[in-house]
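The primary structure of each chain is shown beneath.
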Amino acid sequence: MSNAPEQDNDDASELPAVEFHSPGRFAIHNPPSATREDTGHLEPAPFLLGAHAPVETCTAREQLRSHALALLGQARRDLCLYTPDLEPWLYDHPAIAEVCSHFLRSHPRNRLRILLRDSSLAVRNGHHLLRLARQLSSNCQIRKLHPDYPAEDLAYLLVDDCGLLMRAAPLLPAGQAHYQAAARVLQLRHQFDQAWNTSLGDPNLRSLLL
């Protein structure tokens, strides 16, 4: 047996020293969270209901929202909204809800009637006008278009007896704003009333509005 001393296999003592420099404090930069369209500031269009004769053509969402706010904010008696799905990009906005709330609370006979084809999107994601209808159910009513009713593929807002926001192609962010269109509004209100009289309660909305 050999009596030679065992060699130490740890050669760490022969490695050069490693200097460590702290990087100090550092910040984590997360991307900004996406904001909903309904959080931005909205200004009404500068036109008077019943006094502005020219038709205003809209080719952008911002224009449509501005005219919707202007028309809704000047209503004095009656609002009718004919819409495929409550059009969240257009009507799901705090400023829209505020002017509608003011209108409905300003007189017990003021009313907002909403006639839609499909409520699933608004129910699933929430909507300012759904919350308003729950709070003021006596003069803000939402009903579903009867599936057998021969309705045109339109979206429009009727304001009193002369205001109209017309969108002939609901899938496109375009339309026309009328501040003085009594004859056209009368015709559309007649059609709206006929559709309303055959409309149905919506099971998707019932539990939300109780």
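Up top is the structure.
Residues numbered from 1 in each chain as written. Predicted model: local features only at pLDDT ≥ 70, side-chain atom pairs only at ≥ 80, totals over all residues. Heavy atoms only, no water.

Some remarks on the overall build of the protein
Moving on, step 1. If you tally the helices and strands in the protein, you get 7 helices and 7 strands.
Moving on, step 2. For the protein, the N- to C-terminal ordering of α and β elements is β-α-β-α-α-β-α-α-β-β-β-β-α-α.
Moving on, step 3. Residues counted as buried form 41% of the 210 residues belonging to the protein.
Moving on, step 4. At a minimum sequence separation of 6, the contacts of the protein that also span at least 24 residues come to 78%.
Moving on, step 5. Entry remark: accessible area of the protein is about 13000 Å², with carbon and sulfur atoms responsible for 53%. (Helix = DSSP H or I, 4+ residues; strand = E, 2+ residues; numbered from the N terminus. Buried < 20%, exposed > 50% of the residue type's maximum accessible area, 1.4 Å probe, protein only. Contact = heavy atoms within 4.5 Å. Areas by Shrake-Rupley, 256 points an atom, 1.4 Å probe, with all protein chains shown as cover.)

Topic: the packing of aromatic side chains
Moving on, step 1. Following the criterion strictly, the structure yields 3 aromatic pairs and no others.
Moving on, step 2. With centroids separated by 6.0 Å and ring planes inclined at 15°, the aromatic side chains of Phe192 and Trp196 adopt a geometry described as stacked. Residue Phe192 and its partner Trp196 are both found in helix α6 (residues 182-197); the two are separated by 4 residues, about one turn of the helix.
Moving on, step 3. Judged by its relative accessible area of 11%, Trp196 is buried. (Phe/Tyr/Trp six-rings, centres within 6.5 Å; stacked < 30°, edge-to-face > 60°.)

Here's the deal with helix α1 (residues 61-73)
Moving on, step 1. Taking 1.5 Å of rise per residue, 13 residues should cover 18 Å, and α1 covers 18 Å from first to last C-alpha, within 8% of that figure.
Moving on, step 2. Where α1 is concerned, the buried positions are Leu64, Arg65, Ser66, His67, Ala68, Leu69, Ala70, Leu71 and Leu72. (Expected span 1.5 Å × (residues − 1).)

Considering the nonpolar core
Moving on, step 1. If you look at the biggest cluster of nonpolar residues, it comprises 41 residues, and the most contacted ones within it are Leu86, Tyr91, Ile96, Leu129 and Leu165.
Moving on, step 2. Put simply, the parts of the chain that give this core at least two residues each are α1, β2 (78-83), α2 (88-91), α3 (94-106), β3 (111-116), α5 (128-135), β4 (140-144) and β5 (155-159).
Moving on, step 3. A total of 6 residues in this core trace back to one element, the largest contributor, which is α1.
Moving on, step 4. In contact with Tyr91, other than residues within four places in its own chain, are Ala68, Leu81, Leu86, Ile96, His127, Leu129, Leu157 and Leu165. (Core = buried A, V, L, I, M, F, W, Y, C linked by side-chain atoms within 4.5 Å.)

Concerning the sheet that holds β4
Note on sheets: strands pair through backbone hydrogen bonds, and any given pair is parallel or antiparallel.
Moving on, step 1. Read across the open sheet, the 7 strands follow the order β1-β7-β6-β5-β2-β3-β4; overall the sheet is mixed. Only two strands of the sheet have a single neighbouring strand rather than two, namely β1 (56-58) and β4. Direction aside, neighbouring strands of the sheet carry axes that sit 10° apart on average.
Moving on, step 2. Inspection of the sheet shows β2 paired to β5 by 4 bridges, in the antiparallel sense. Paired with Cys80 across the two strands is Leu158, which belongs to β5.
Moving on, step 3. Across the sheet, α3 is in contact with β2, β3 and β4; its angle to β3 comes to roughly 130°.
Moving on, step 4. The sheet strands contacting α6 are β2, β3, β4, β5 and β6 (163-167), and the helix crosses β3 at an angle near 70°. (Pairing = 2+ DSSP bridges. Axes fitted to C-alpha atoms, helices over the stretch in contact; angles between N-to-C directions.)

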